[in-house]
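Commentary on secondary and tertiary structure
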Amino acid sequence: MSYAYLFKYIIIGDTGVGKSCLLLQFTDKRFQPVHDLTIGVEFGARMITIDGKQVKLQIWDTAGQEAFRSITRSYYRGAAGALLVYDITRRDTFNHLTTWLEDARQHSNSNMVIMLIGNKSDLESRRDVKREEGEAFAREHGLIFMETSAKTAANVEEAFINTAKEIYEKIQEGVFDINNEANGIKLGPQHSPAAAGGMAAGGLGGSQGGGCC
Amino acid sequence: MGGGRPSCCCHKSRSAPSASGLCVDSLPLVYDRRTRQLRLQPAVPPPPAAPPPPAPGKPGLEEERDSGVGESPSSTLQQGAAAPRPLRPRRRLPEQHLESSAPTTACTRSGRPASDGGSSRDLSAQGAAAAAADKAAKKRGISGLFSRCTSLTSLTSLASLTSSTGDSPCRAARRNSGLQAGSMGLILEPRPHHLPAKSRAEESRHRLEHQRMLEEARRRDQKDSKSRKKAIQAQLKTEHSLAQSTKIWNQDILPNWEKVRHTRKVSDLWWNGLPPSVRGRVWMLALGNDLHVTPQLYKVYHQEALSILRAAAQGNAPRSPCEVREAKTSSVDLIRLDVARTFPQLGLFQKGGPYHDLLHELLGTYACYRPDVGYIQGMSFIAAVLLLNTDPEDAFVCFANLLNRPFLFSFFQLDQSMMSAYYATYTALLRENLPALWQHMEAEGVTPDLYLVDWLYTLFSKSLPLDVACRIWDVFLRDGEAFLARAALGILHLYDEQLRSMEFINLAQFLTGLPDDLDSEALFKSITKVHTSIGRQTFHDLVERSRRPSPLGSPR
């Protein structure tokens, strides 16, 4: 399917916070109460529309165990957006955000849009991290913030789409150099160079090569 | 099919006996002006006894009786049927026929009278459910895991084979003739009153249609039973060879293990897959116990793990300043999360499942035994496969020794330089074996680590159907770690053409979520077509060379 832009996303955060469930809810619109453990990285893709343009999201869903960080670090490269997820019912997953953020900032390009997500908002009775705390953390570190529930699908669409909107705005402002695939953005095969702000986009084809070679 | 359908209902609705003795002329027929139909004149007045209470919502039946139509003529026609039926069930049957697409087939299969449509449908539904369950089990590759279950299945299938084939010729003939004769009689039955009378031509046409339907059903039935028989025979053959090889392993190989383990014959048998009943023992022997994990040692660490687990379950996990202790308890938290996420589709390791505690304890015991390694994701799958094939203590011995193998050890230590050396060797071998695919994957940016992490950290048990994964383990324990690379290349070889037409995201998704129906034989055929040496350099030479890059660069 043709698209105007392709954005690479990466989902990060502690193990068991619901990263794979968020992805499954976003791509397949379903929830699996007992999800397989992610080892290494898994992938998802979905087309969305922003400002009347087709945008393909290519999502890398990473393993959350701390020991694997040395492996997952290489996956940051070339990501345009990151969803940093914690579990609102487990404070330790919130406490680890700083190290995740350091990792992300260190191994990705500086323009990467980061969305902070407090997942499992359906489990209000077991809440361990206040909404305000999430908001404060996001404000302090310049992130977008949302509380989601992969189970009820609350805010899941919005989390993925708002991140894309932010990336799109940055492209419009000229912050992202869309010719540099290391930014995690690719122009679609039919996208004319004129529409891309006068920058050449030849020879990119429909395939994705960014971020991992 | 205005006229066709009701007549079919009539055919099916009555299980009357042979109509050969009946003649239309001899029947006491009268013309009913109200229904404009010929109907049988009552020979005796309607029975005075109260009829069975009508089913709710079927007032039409009462009306019929009131209109003066007696039951006896139809009862006469039903003579010879198992039992004279009241009107009600007969009314119900046509609906059943309409619901079920092939009731005749179902009835013939189960050997029940045609009128017993409801229960035979239940039976066939059960069969379908069993088949679906069987298919699902096969899909996940667990059908061949438990040898005892397999032999039970074989007994059942053997029994069904004899029952379905042993008496089939005469029985089927009887059933079919019974059906045809019964329906001949049905055509002579009065039609439901609200339907217009049939013309002679229509009647004969319907009779022909009915015969054709019966014929079709019989053919379908024959075809079904043939394919069923074939499948059962194939299964029996597999089980026979499994029984044979089990015998060889038990009687000839295992008692003389050290003497024969490297012989050609044993090697070949091994390649074909270990019988599930000896698999655990052969794995143990092949792995050995270089670490000298004794039962006493196991008990010590097991006890320690149990106390930590218990404390954690009560919510007062000891948080001592000791780093080792800390590592153990944090491992325990992680293990708790992951045990439930291990083979969730099997439902064996989840809370309340038979293997939940065992897996939890095994991983906990290992974290106590090797706090420097602790628990790393992927381990739960390896431990689970071992638990499914050996008892808990042996599983621990196997687990500890398996993780001590140089390749797995460096992976679970997350030794980046070793891992890079393996990836580089694997890439060189991919280029050597499947140059076109290598080129395509390079162009798409699919590096081996994207899918090999998932494959190797679980020794393929998460990515392949479980029975296929066990076969890979069999040969891995025979040939060593080079076989893991060979198996990975074999998977790529199996899907080579498909993969070469995919772009990045499809490739990545395909390789991290391999098809559930991956066939073991096809994969092993592909594996025979790839090799893990380049020129005179073996896999280990290549890894060593990758670890110490010479001025000439990495192996090609």
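What you are looking at is a predicted structure, and each value in this text was computed from that prediction instead of being measured. (Residues numbered from 1 in each chain as written. Chains lettered and ligands numbered in written order. Predicted model: local features only at pLDDT ≥ 70, side-chain atom pairs only at ≥ 80, totals over all residues. Heavy atoms only, no water.)

1. Description of the overall build of chain B
Within chain B, the regular secondary structure consists of 27 helices and 2 strands. Burial status across chain B gives 45% buried among its 556 residues. In the form shown here, chain B has an accessible surface area of approximately 27,900 Å², with 54% of it arising from carbon and sulfur atoms. (Helix = DSSP H or I, 4+ residues; strand = E, 2+ residues; numbered from the N terminus. Buried < 20%, exposed > 50% of the residue type's maximum accessible area, 1.4 Å probe, protein only. Areas by Shrake-Rupley, 256 points an atom, 1.4 Å probe, with all protein chains shown as cover.)

2. A look at the overall build of chain A
On a plain count of helices and strands, chain A comes out with 6 helices and 7 strands. The order of α-helices and β-strands along chain A, N terminus first, is β-α-β-β-α-β-α-α-β-α-β-α-β. Going through the 213 residues of chain A one by one, you find that 56% of them count as buried. Surface accessibility of chain A: about 8,200 Å² in total, with carbon and sulfur atoms responsible for 48%.

3. Let's talk about the pattern of salt bridges
Residues and elements named next belong to chain A. This model, assessed by the stated rule, comprises 25 salt bridges over all chains. Between Glu 157 and Lys 29 there is a salt bridge, with the nearest N and O atoms lying 3.1 Å from each other. Placement of Glu 157 in helix H6 (residues 156-172) and of Lys 29 in the loop between helix H1 (19-28) and strand S2 (41-50) is noted, with a sequence separation of 128 residues between them. Under the relative-accessibility criterion, Lys 29 is labelled exposed at 54%. Through salt bridges with shared partners, a single ionic network connects Lys 29, Arg 46 and Glu 157. (Salt bridge = Lys/Arg side-chain N within 4 Å of Asp/Glu carboxyl O.)

4. A look at the confidence of the model for chain A
Looking at chain A as a whole, the pLDDT averages 87, with 88% of positions reaching at least 70. In the model, residues 192-213 of chain A has pLDDT below 50 throughout and makes 46 contacts with residues more than four positions away in sequence or in other chains. (pLDDT = per-residue confidence, 0-100. Contact = heavy atoms within 4.5 Å.)

5. So, the side chain of A:Lys8
Tracing the chain through its elements places A:Lys8 in strand S1 (residues 5-13). No salt bridge is formed by the buried A:Lys8. Its closest oppositely charged neighbour is B:Asp449, at 9.7 Å. A distance of 2.8 Å separates a polar atom in the side chain of A:Lys8 from the backbone oxygen of A:Arg77. (Lys, Arg positive; Asp, Glu negative; His and termini not counted. Polar contact = N/O pair within 3.5 Å; in protein donor to acceptor, adjacent residues only side chain to side chain.)

6. Thoughts on the nonpolar core
Counting 145 residues, the largest nonpolar core has B:Tyr457 and B:Leu492 as its most contacted members. Of all hydrophobic cores here, the second largest spans 35 residues; its members include A:Val17, A:Ile50, A:Val85 and A:Ala159. (Core = buried A, V, L, I, M, F, W, Y, C linked by side-chain atoms within 4.5 Å.)

7. Looking at the interface of chain B and chain A
Facing 32 residues of chain B, the contacting portion of chain A comprises 33 residues. Approximately 2,700 Å² of surface area, both sides summed, lies buried where chain B meets chain A, with 63% of it carried by carbon and sulfur atoms. When the shortest N-O distance is used, the salt bridge between B:Glu503 and A:Lys56 registers 3.6 Å. Taken together, the links from chain B to chain A amount to 8 residue pairs in polar contact (both at pLDDT 80 or more). When contributions to the side of chain B that touches chain A are tallied by element, the ones reaching two or more residues are helix H14 (323-339), helix H16 (379-389), helix H19 (416-433), helix H21 (449-457) and helix H25 (504-511) of chain B. Top element by residues in the side of chain B that touches chain A is H21(B). It accounts for 5 residues. Of the residues that constitute the side of chain B that touches chain A, the class distribution is 15 nonpolar, 10 polar and 7 charged. (Buried area = accessible area lost by both parts, 1.4 Å probe. Nonpolar A, V, L, I, M, F, W, Y, C, P; charged D, E, K, R; others polar.)

8. So, the packing of aromatic side chains
Scanning the model with the defined rule gives 36 aromatic pairs over all chains in all. Ring centres of B:Phe343 and B:Phe381 lie 5.0 Å apart, and the angle between their planes is 75°; this geometry places the pair in the edge-to-face category. One end of the pair, B:Phe343, is in the loop between H14 and helix H15 (356-369); the other, B:Phe381, is in helix H16, with 38 residues separating them in the sequence. An aromatic cluster of at least three residues, connected via ring pairs, comprises A:Phe68, B:Phe407, B:Phe411, B:Phe412, B:Tyr422, B:Tyr423, B:Tyr457 and B:Phe539. Between B:Arg405 and the ring centre of B:Phe476, over which it is positioned, the NZ or CZ distance is 5.5 Å. One Lys or Arg, B:Arg471, reaches over the ring of B:Phe524 and ends 3.9 Å from the middle of that ring. (Phe/Tyr/Trp six-rings, centres within 6.5 Å; stacked < 30°, edge-to-face > 60°. Lys NZ or Arg CZ within 6 Å of the ring centre and 35° of its normal.)

9. Description of the packing of H19(B) against helix H23 (residues 482-494) of chain B
Residue and element names in this part refer to chain B. For the pair H19 and H23, the least separation of the axes is 11 Å and the interaxial angle reads 45°. With respect to H23, the element H19 is oriented oblique. Relative to H23, H19 is oriented so that their crossing is right-handed. Note on element contacts: H23 touches H19 through Ala 485, Ala 488, Leu 489 and Leu 492, opposite Tyr 426, Leu 429, Leu 430 and Asn 433. Per-class residue counts for the contact of H19 with H23 are 7 nonpolar, 1 polar and no charged. (Axes fitted to C-alpha atoms, helices over the stretch in contact; angles between N-to-C directions. Parallel < 35°, antiparallel > 145°, perpendicular 65-115°, else oblique. Left-handed = near helix turned anticlockwise from the far one by under 90°.)

10. What about H21(B)?
The buried fraction of H21(B) is high, at 9 of 9 residues. Backbone geometry just after H21(B) places B:Leu459 at a positive phi near 50°.

11. Thoughts on the environment of B:Glu503
Here B:Glu503 is to be found in the loop between helix H24 (496-500) and H25. With relative accessibility at 25%, the residue B:Glu503 sits in the partly exposed group.

12. Re the pairing of strand S5 (residues 113-119) of chain A
Residue and element names in this part refer to chain A. Of all 7 residues that make up S5, 7 are buried, and the element is covered over most of its length. Residues Val 113, Met 115, Ile 117 and Asn 119 line one face of S5 and the alternating positions Ile 114, Leu 116 and Gly 118 line the opposite face, and both faces are buried. As paired elements, strand S4 (residues 81-87) and S5 share 7 bridges and run parallel to each other. Residue Gly 81 lies in a different strand from S5, and its bridge partner there is Val 113. In terms of strand pairing, S5 meets strand S6 (residues 144-147) through 4 bridges, oriented parallel. Bridge pairing in S6 links Met 115 to Ile 144. (Pairing = 2+ DSSP bridges.)

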